[in-house]
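Examining the three-dimensional arrangement
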Amino acid sequence: MVDLYIRTRCKRIDYSFLLKQPPATYSNEYKNKSDIEKPTCILEPTEENGVYMFLSGIPSQRKDHQGTPIRYELVATSDTWDSMDGSDQKKYLKGLTGLISMWLKDVRGALQKIQEDGSDWELVRLPNVANSKLGELLDETLTEQYVEELLQLTVDSNQSKNDENNLNQKLKDFLLKGNFLQEYSKYDSSSQTENPLNLWWGGVNNNLSCDQWIKFVKKLLLGETKGKALLLNIATPQSLSSFSVNNQGLGVLLAKEWSQSDTKQIEPQGLVGYIQQGIIRHNNRVPSGLQFPDWSKKKH
Amino acid sequence: MEINFDNYASNEAKKIFYKIGLIGPSRVGKTSIIAALLDEAQVALAGTPVSIKPFVDSDGNSPTKDRIRNTILDIKAGLDFSSFQPTGMGTADPFIFDLVMTIAGGNEEKNQAQLRFTILDYPGGWLEKPPQGDIGQQTWGKCKKWIEESSVIIVPIDANLIMEVNNQETRKASLELLEVEEVKDLVRDWAKGRITMGESGLLLLVPVKCETYFNDNGGDNDKSEELYKSICNFYSDVIKAVEQEMSVKEEEPEEIPQSTDFIGKFKKDMSKVLISKPSKPPSYSIEYHPVDTIGCIELANANWEENINGQLSLNCEYLVRNPGNSQPELKRFGNIGLLNSICKQIVENRQNSRIFTRLWDWFFDKNKLLADAINMLSQQKPEPRFKEIAKGNIAKKG
């Protein structure tokens, strides 16, 4: 089962999940690596072998009582593939893949605009998405009046089962929107290049990195592989080494990496990292073309 | 990202966390205060070897630096040549601003003692309605604990919401938007926490968006007295709550139990030695520090508007003062007074807390320059806008 949770605010009521809180949150290892008030994506396995997704930095056209733009955050949780029942679930997960892909386009669009503007101080700014297709679609589903009502019910703890069911149905219908399934279909082909690296990072500016990342997201959501897909907005390539330990598969897009170069291996942390990564690669039978890092070249 | 509160749990060798709590509603401008404070502190410490800056972790990441930089850039993005549009994002999760005061440069920078000002921010809406679910409740519990352990509490206040009140209805809306009742409850909990710990406490009432009401930073109108009186009026219950909880009461003469057994007598004698009285009794102060976090703007229009639920909110329009053909410069004012008061409080804590005394003595021995900087800042003459609302010794525990 796929469950979607939305966090937003209205004119006067502060940020809160609409009617219900997600049962879990993301792990603490991304602390210091992303500011969730700016675009961030965390897609990771849950302890129950399901998937947890967190997506932030989605702008709404609504404004708060101070005139400040409001944003959305989305959390999705899905059961383990073993316990899923049939093609409906698969359809929701395809919709979720399309949604993430659309979100990534919004984020990239905002970054490209910053680059085109050429303002020095904009270049050091964390991505701030002003216009977003995903935001528009959310605004259509969650109208201003409906959000006001839901948040009032939430803060008053006055929601009925009926209110929850209505919201659930709206969100499920939202996931099955043609826009998302159409977006998904672009990645529904096995002919596209997959990233041969197990643990890799790429800049959000680079087309190939983004294509490979979405492809990886799709495989994670559809239960075809294991690992984590992240888009982080503070982390630098150098600060990712801690991720090299205990991760079987990892694809990270870095919002502050402006280079156009293709994906790169995440360098492991210390000797233990090298050994662990070697064991993981061996067990997973990673393509033989991969080279183990040359220790002699490692800087000390 | 979710905060690991444990990272700030203890003071260990070479680093001391000085906890500060923020208690204010959402969208009041909490991050702007921190950004302005850091900016003015850097100016105040210019020319000295001491610096105060966002803490950077071993991976080279600094969420504090990014958030402060973004706040400044968001403000700049909202400022065009003639007007200002409120920008910013609002807080959806707790965040700790981690500022480090240290000696700049030197080969042994990593081994130097650090004073870390750690300021907890969280969604203002939690004051009225704490987050639901196990995770939310746990997080809110940790935030409350942090506040109770903080020596200094900053209460940011939107000055426009105070000054633009024009009838009973808008006064009610202002009190709700400022969440004064909820602020009072949390401040009371903090005061109780101070008494339990036997440590001094400082409550800072910090009106923000004050540009329109002072004539000392480029403005023409002086409504400063009106602002001060209105804030004392709006926050009278908050001030009373602190005084009720913290002001010293008549002390009962201590009963000395007649103990005849040797072990009991030994324990009592030892406890007298171990729990010797600190040099100065703990105290509390409530201070008033109006600040300009932007400085170059002025309120042009303020209209109370009703939302679809019939609730009032204040819609403000700002104009840039003396508009020209270039990007207006930020002209912050009053924020250094906050740092001076915090440093004064650090010295105060040292004088009245056994644990603080021990830590600080060690710390000051290790890094005389830092101690000098704190002393220097603590002894600065208060700014003209500053007012002391209340002060006294803290009541004895129990």
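Look above for the structure.
In short, a report on the structure. None of these values were measured; they are calculated from a predicted model.

This next bit is on the sheet that holds strand β9 (residues 297-306) of chain B. Residues and elements named next belong to chain B. The strand order across the open sheet built from three strands is β3-β10-β9, with neighbouring strands paired in antiparallel fashion. Sheet topology places β3 (83-84) and β9 at the edges, where each strand pairs with a single neighbour. Where β9 lies against strand β10 (residues 312-320), nine bridges are found, and the strand directions are antiparallel. By the bridge assignment for β10, Trp 304 is matched with Leu 314. Helix α5 (residues 168-177) rests against β9 and β10 of the sheet, and its axis sits at about 85° to β10.

Strand pairing in a sheet relies on backbone hydrogen bonds, with the paired strands running either antiparallel or parallel. All names here are of chain B. Strands sit in the order β2-β4-β5-β1-β6-β7-β8-β11 across an open sheet of eight strands; the sheet is mixed. On the outer flanks of this sheet lie β2 (50-54) and β11 (387-393), each paired with one strand and no other. Each adjacent strand pair in this sheet contributes to an overall mean axis angle of 20°, direction not counted. Examined bridge by bridge, strand β4 (residues 95-103) and strand β5 (residues 114-121) share seven bridges and lie antiparallel to one another. Opposite Phe 97, over in β5, you have Ile 119 as the bridge partner. Lying over the sheet, helix α1 (residues 30-44) contacts β1 (15-22), β2, β4, β5, β6 (152-158) and β7 (201-208), oriented at roughly 155° with respect to β2. The strands touched by helix α8 (residues 236-246) within the sheet are β7, β8 (283-288) and β11, with β8 carrying the most contacts at an inclination of about 170°.

Turning next to the state of the cysteines. One pass over the structure, following the stated rule, counts zero disulfides over all chains. Take Cys41(A): it sits in no disulfide, and the sulfur closest to it among the cysteines is that of Cys210(A), at 12 Å. The exposure class of Cys41(A) is buried, given its relative accessible area of 0%. No disulfide involves Cys210(B); its nearest neighbouring cysteine sulfur is the one of Cys316(B), lying 13 Å away.

A few words on the packing of helix α4 (residues 144-155) of chain A against helix α5 (residues 161-175) of chain A. Residues and elements named next belong to chain A. One way to put it is that α4 packs onto α5 with a least axis distance of 12 Å and a crossing angle of 135°. Of the possible angle classes, the one that applies to α4 and α5 is oblique. When the axes of α4 and α5 are compared, the crossing they make is left-handed. Seen from α4, the contacting residues are Tyr 146, Leu 150 and Leu 153; seen from α5, they are Asp 163, Asn 166, Leu 167 and Lys 170. Tallied by class, the residues present in the contact of α4 with α5 amount to four nonpolar, one polar and two charged.

Next up on the list: the packing of helix α6 (residues 180-197) of chain B against α8(B). Residue and element names in this part refer to chain B. Closest axis-to-axis distance for the α6/α8 pair is 9 Å, and the angle between their directions is 20°. In terms of their interaxial angle, α6 and α8 are classed as roughly parallel. The two elements α6 and α8 meet at a crossing, and its hand is right-handed. From α6, Val 180, Val 183, Lys 184, Val 187, Arg 188, Trp 190, Ala 191, Lys 192, Arg 194 and Ile 195 reach across to α8, where they touch Asp 237, Val 238, Ala 241, Val 242, Gln 244, Glu 245 and Met 246. For the contact of α6 with α8, the residue count by class is ten nonpolar, one polar and six charged.

So, on to the interface of chain B and chain A. Of the residues lining the interface, 49 residues belong to chain B; the matching set on chain A comes to 51 residues. The tally of links between chain B and chain A comes to six salt bridges. Among the salt bridges present, the one from Arg67(B) reaches Glu37(A), with a minimum N-O distance of 3.3 Å. Counting the contacts that link chain B with chain A gives twelve residue pairs in polar contact (both at pLDDT 80 or more).

A few words on the nonpolar core. If you look at the biggest cluster of nonpolar residues, it comprises 60 residues, and the most contacted ones within it are Ile23(B), Tyr122(B), Val155(B), Leu203(B), Leu205(B) and Tyr235(B). Element by element, the count of residues in this core is highest for α6(B), at seven residues. Non-local contacts of Leu203(B), meaning those with residues more than four positions away in its chain, are made with Ile153(B), Val155(B), Val187(B), Trp190(B), Val238(B), Val242(B), Ser285(B), Ile286(B) and Glu287(B). Of all hydrophobic cores here, the second largest spans 57 residues; its members include Leu96(A), Leu99(A), Trp103(A) and Leu220(A).

Time to look at the pattern of salt bridges. Here the structure, examined in full by the defined rule, presents 32 salt bridges over all chains. Taken together, the shared-partner salt bridges connect Arg7(A), Asp35(A), Glu37(A), Arg71(A), Glu73(A), Arg67(B) and Asp93(B) into one network.

Before going further, it helps to examine the environment of Gly218(B). All names here are of chain B. Position of Gly 218 among the secondary structure elements: in the loop between β7 and α7 (224-234). Under the relative-accessibility criterion, Gly 218 is labelled partly exposed at 41%. For Gly 218 and Lys 331, which are 113 residues apart along the polypeptide, the C-alpha to C-alpha distance reads 9.0 Å. The residues contacting Gly 218, other than those within four sequence positions of it, are Arg 321 and Lys 331.

Let us look at the pairing of strand β3 (residues 41-45) of chain A. All names here are of chain A. Judged by how many residues are buried, β3 sits mostly within the fold: four of five residues are covered. One ladder, built from five bridges, connects β3 with strand β4 (residues 51-63); its direction is antiparallel. Its bridge partner being in β4, Glu 44 is matched across the sheet by Tyr 52. Taken together, β3 and the strand that follows it, β4, pair antiparallel across an intervening segment of five residues, in which Asn 49 is found at a positive phi of about 70°. Examined bridge by bridge, β3 and strand β7 (residues 228-232) share three bridges and lie antiparallel to one another. Considered in β7, the bridge of Cys 41 is made with Leu 231.

The rules we used
- Residues numbered from 1 in each chain as written.
- Chains lettered and ligands numbered in written order.
- Predicted model: local features only at pLDDT ≥ 70, side-chain atom pairs only at ≥ 80, totals over all residues.
- Heavy atoms only, no water.
- Pairing = 2+ DSSP bridges.
- Helix = DSSP H or I, 4+ residues; strand = E, 2+ residues; numbered from the N terminus.
- Contact = heavy atoms within 4.5 Å.
- Axes fitted to C-alpha atoms, helices over the stretch in contact; angles between N-to-C directions.
- Disulfide = S-S within 2.5 Å.
- Buried < 20%, exposed > 50% of the residue type's maximum accessible area, 1.4 Å probe, protein only.
- Parallel < 35°, antiparallel > 145°, perpendicular 65-115°, else oblique.
- Left-handed = near helix turned anticlockwise from the far one by under 90°.
- Nonpolar A, V, L, I, M, F, W, Y, C, P; charged D, E, K, R; others polar.
- Salt bridge = Lys/Arg side-chain N within 4 Å of Asp/Glu carboxyl O.
- Polar contact = N/O pair within 3.5 Å; in protein donor to acceptor, adjacent residues only side chain to side chain.
- Core = buried A, V, L, I, M, F, W, Y, C linked by side-chain atoms within 4.5 Å.

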